[in-house]
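Tertiary structure, described
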Amino acid sequence: MKGRRNFLKGSLVVAGAAVAGGIGRAQAADKFPPGLVYTKGAPGRWAGKEGTHAPKATLEGKNIKVVTPHSMSEKHYIVKHTVLTTDGKLIGEKTFAPTDTAAESSYALPDGFKGTLWVTSFCNLHDLWLTEFTV
Ligand SMILES: [Fe+2]
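What follows is about the overall build of the protein. Within the protein one finds two helices and seven strands. If you list the helices and strands of the protein from N to C, you get α-α-β-β-β-β-β-β-β. The proportion of buried residues among the 135 residues of the protein is 29%. Nonlocal contacts in the protein, meaning residues at least 24 apart in sequence, comprise 56% of its contacts between residues at least 6 apart.

In structure tokens, the structure reads:
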């Protein structure tokens, strides 16, 4: 299990780097290469799973709250959340364990930030999902 978890974390780093640096910043989330990043509007091979995999972001005061309404179990769970600016600056990240009861995380919004953020959620079985969130 630990080896698989490390593999998943490595995959996340590669996918995150592709999201942050390999794609032009002006592209909409739905225009990422098919099969790399899934969105509510472009769920690809995971069509029908967007409701439980696309992360939901809300602003609560000065915090960005991220929720993925996905079950958490040893065999199937949300591995990680990340929040990035569209030019690749990491705002925050949280790695989950399958024993966590919910895939929820919270991040401080940088002072004065206005613009679009990319919020990602990685499922160990259903890959990387991205939601754009504008503050
Ligand atoms: Fe899943």
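Next up on the list: the confidence of the model for the protein. Of all residues in the protein, 77% have pLDDT values of 70 or greater, and the mean over the chain is 85. Confidence drops under pLDDT 50 across residues 10-27; counting only partners more than four residues distant or on other chains, this segment forms 18 contacts.

Moving on, we get to the pairing of strand β1 (residues 56-60). Sheet topology note: the β1/strand β2 (residues 63-68) ladder contains five bridges and is antiparallel. Bridging from a neighbouring strand, Leu59 pairs with Ile64 of β2.

This part takes up the nonpolar core. Ranked by internal contacts, the top residues of the largest apolar core, which has 22 residues, are Ile78, Val79, Val83, Val119, Leu128 and Leu130. Of all the secondary structure elements, the ones that give two or more residues to this core are β2, β3 (78-85), β5 (103-108), β6 (116-123) and β7 (127-134). Residue contributions to this core peak at five residues, all from β6.

A separate point is unusual backbone geometry. Across residues other than glycine, the phi torsion is negative in most instances, and most of the peptide bonds are trans. Positive phi, normally seen in glycine, also occurs at Asp127, with a value near 70°. Mapped onto the elements, Asp127 comes out in strand β7. Asp127 gets classed as buried once you count the C-beta atoms within 10 Å, which come to 20.

If you trace the four strands from one edge of the open sheet to the other, you get β4-β3-β6-β7, paired in antiparallel fashion. Of all the strands in the sheet, the pair left with one neighbour each is β4 (90-95) and β7. In this sheet, adjacent strand axes meet at a mean angle of 15° when their direction is disregarded. Two strands pair when backbone bridges link them, and β3 and β4 are joined in this way by five bridges, in the antiparallel orientation. Residue pairing across strands places Thr82 opposite Glu93, the latter belonging to β4.

Another point: the pairing of β6. In terms of burial, β6 is a largely internal element, seven of the eight residues being buried. Two elements, β3 and β6, share seven bridges in a ladder whose sense is antiparallel. Bridge pairing in β6 places Leu84 opposite Trp118. Summarising the sheet, β6 and β7 pair through eight bridges and their orientation is antiparallel. In the strand pairing of β7, Leu117 is matched with Phe133.

Calculation rules
Residues numbered from 1 in each chain as written. Predicted model: local features only at pLDDT ≥ 70, side-chain atom pairs only at ≥ 80, totals over all residues. Helix = DSSP H or I, 4+ residues; strand = E, 2+ residues; numbered from the N terminus. Buried ≥ 20, exposed ≤ 12 C-beta atoms within 10 Å, placed from the backbone. Contact = placed C-beta atoms within 7 Å. pLDDT = per-residue confidence, 0-100. Pairing = 2+ DSSP bridges. Core = buried A, V, L, I, M, F, W, Y, C linked by C-beta atoms within 7 Å. Axes fitted to C-alpha atoms, helices over the stretch in contact; angles between N-to-C directions.

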